[in-house]
Amino acid sequence: MAELAARFRGVHYHYPGVPALEGVDFELRAGEFCALVGQNGSGKSTLAKHLNGLLKPVSGFVEVFGRDTRSQAVGELARKVGYVFQNPDHQIFSARVRDELAFGPRNLRLPHDEVERRVDEALDGFGLRAYADMPPATLGFGLRRLVSVAAVFAMRPSLFVLDEPTAELDWRSAHELLDHFRELHQQGHTILLISHDMELVAEYAERVLLMQAGRIVADAPPGAFFGQTARLREAHLSPPQVMRLAQRLGDLGMPPETLTVDAFADAFARLWREAHHAG
Amino acid sequence: MLAVEFHEFYYRYPAARPNEAAPYALRGIELEVEVGEFVALMGHTGAGKSTLCMAMNGLVPQATGGAVRGVQRVLGHEARAVPVARLARQVGLVFQDPESQLFSPSVEQEVAFGPENLGLSVDAIADRVDWALDMLDLQPLRKRGPTQLSGGQKQRVAIAAALAMQPEMLILDEPTSGLDPLGTAEVFAAIERLCAEREMTVVLATQEAEQVAQSAHRVVVMSEGSILLDAPPVTAFMQPELLAQAGVAPPQVSLVAAALKERGIVVPAFHRLDEAEKALRGLWQHPHG
């Protein structure tokens, strides 16, 4: 059986007077690239904060890499779980980019050489070398976002929790950012991506969880997930536009689980040639 | 008649340190918006969209400082000569984050705040509040507090509050970023309604290409402080390379035609879902045109 990055069992959580999680059960396998979607207020961020121990269940339990989060301090969990906040400015506070990236590794009490090595790798890995000595506050939003991600990367967590990391990024920057995580995923890291962007979810995730009113109500690979038309409508979500087009053209034989433009064009071209004996 | 007229417009923010000059945030802007037009502003993070939005109600440079030159005319006013408070009566500005704008204990008090400050009679204020709540479909929520609202509802309240000033023009700076798909759809439906029923001039900074294709009259694409492309959606979204340069994704269906062409199938360009379906079905029925 694959190692589990996280296991939620009967997890309930409520903020004063407001229920947020109402019985969450799921397992996140190590090495997965999983997306978590759902309306604002459905409990996504609350669930995510249980992974790094910022929140602990009121009832039920959460295990991260096999250990109950209630028996682990936030600092201990931070070695394994990297949390990228929705707003990078909630995370960044150092005077120089280099110091921001060194902060986490220093807190892990790593030797000086190792801290420097990690800072260098993070600077190079995220294209931040040219900004190393600049104050993060003077950088544009896209770069501040990268600094916040690189700072988490320098901690070398096994599991990355990304809370709407692309919400205010343009299309190109969003892809560049998620390409970094695709690479980390290929190296064996586990990724949990919270997003409202169904095109990005379809493109990057290999599994999609849907939250509604504090529960996980759907759990499937993207193709099958976006095929659940009624459930999606109930959650006010719709599949990527190209998939909706494929669904409309189902009578011509277009596979309803077509997720990307290239997959659509391949399938359509094949069908067209078959139908018109033109190939 | 022109609602917005920018010619040879340059702007830079105040320098961070003495004896230094900040780079130009806007450079050589040439933009005319007709009264009643719905213009979408698109472009990468930091392209200058927010700065241009703020230049349209005089906040740039009146509140931001910095250096400016060129024509900056809004609804016939020289935007640097008329105080922002006066321009704000005609130009409503809605920011990205509704939380930064909402402060009253209830939706109706929030919407009444602007008209109350204009010194209108109680009846006139009530009429405006009713009208703005109707336009944004907020009547059922009028007694609620801001904390009891979803993200899309909050943003609609922010728009209603701007609308209660009865502006001639509405500028919205990425009002749907951070909203879920339902909230985004609610905000776009409200904007479409304002355009259709009130012939409101609307300038909307956004990344939502699919919605833009559906409802905007024009797409203005910005990059590095300049305007890179200014065209109706059908033309703008046919230029994927130029859009990519500006960090903008066209609607997925408009990429389908190009992808089919690469595979030897020629179809007319389309940028909306309905058009795509029709074009592809047409191809099926008339394979040789």
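Look up: the structure comes first, before these words.
These figures come from a predicted structure and were not determined experimentally. (Residues numbered from 1 in each chain as written. Chains lettered and ligands numbered in written order. Predicted model: local features only at pLDDT ≥ 70, side-chain atom pairs only at ≥ 80, totals over all residues.)

S.K.: Honestly, the sheet that holds strand β3 (residues 38-43) of chain B in this entry has me stumped. Any pointers?
M.R.: Remark on secondary structure: sheet strands pair via backbone hydrogen bonds, oriented parallel or antiparallel. All names here are of chain B. Taken in spatial order, the 6 strands line up as β6-β7-β8-β3-β9-β10 in an open sheet, and their pairing is mixed. Edge positions in the sheet fall to β6 (91-94) and β10 (226-231), since each has one partner strand and no second. Strand-to-strand, the axes of this sheet are offset by a mean angle of 15°, without reference to chain direction. Here β6 runs beside strand β7 (residues 169-173); their pairing, made up of 4 bridges, is parallel. The partner of V91 across the bridge, within β7, is M169. (Pairing = 2+ DSSP bridges. Helix = DSSP H or I, 4+ residues; strand = E, 2+ residues; numbered from the N terminus. Axes fitted to C-alpha atoms, helices over the stretch in contact; angles between N-to-C directions.)

S.K.: What is the right way to read the packing of helix α11 (residues 261-276) of chain A against helix α11 (residues 252-262) of chain B from this model?
M.R.: Contact geometry of α11 of chain A with α11 of chain B gives a least axis separation of 9 Å together with a crossing angle of 50°. Relative to α11 of chain B, the element α11 of chain A is oriented oblique. Crossing handedness for the pair α11 of chain A and α11 of chain B: right-handed. For the pair α11 of chain A and α11 of chain B, contact is made by V261, D262, F264, A265, F268 and A269 of chain A and by Q252, L255, V256, A259 and L260 of chain B, respectively. (Parallel < 35°, antiparallel > 145°, perpendicular 65-115°, else oblique. Left-handed = near helix turned anticlockwise from the far one by under 90°. Contact = placed C-beta atoms within 7 Å.)

S.K.: What is the right way to read the interface of chain A and chain B from this model?
M.R.: Across the contact, 35 residues belong to chain A and 34 residues belong to chain B. Going through the elements one at a time, α5 (141-153), α6 (171-186), α10 (241-248) and α11 of chain A are the ones with two or more residues in the side of chain A that touches chain B. Here the element with the most residues in the side of chain A that touches chain B is α11 of chain A; it accounts for 8 residues.

S.K.: Got a minute to help me understand the environment of T235 of chain B in this structure?
M.R.: Residue and element names in this part refer to chain B. Locating T235 in the fold gives a position in helix α9 (residues 233-236). Taking the C-beta count within 10 Å as the criterion, T235 has 14 such neighbours and is therefore assigned partly exposed. Along the chain, T235 and A269 lie 34 residues apart, while their C-alpha atoms are 9.1 Å from each other. (Buried ≥ 20, exposed ≤ 12 C-beta atoms within 10 Å, placed from the backbone.)

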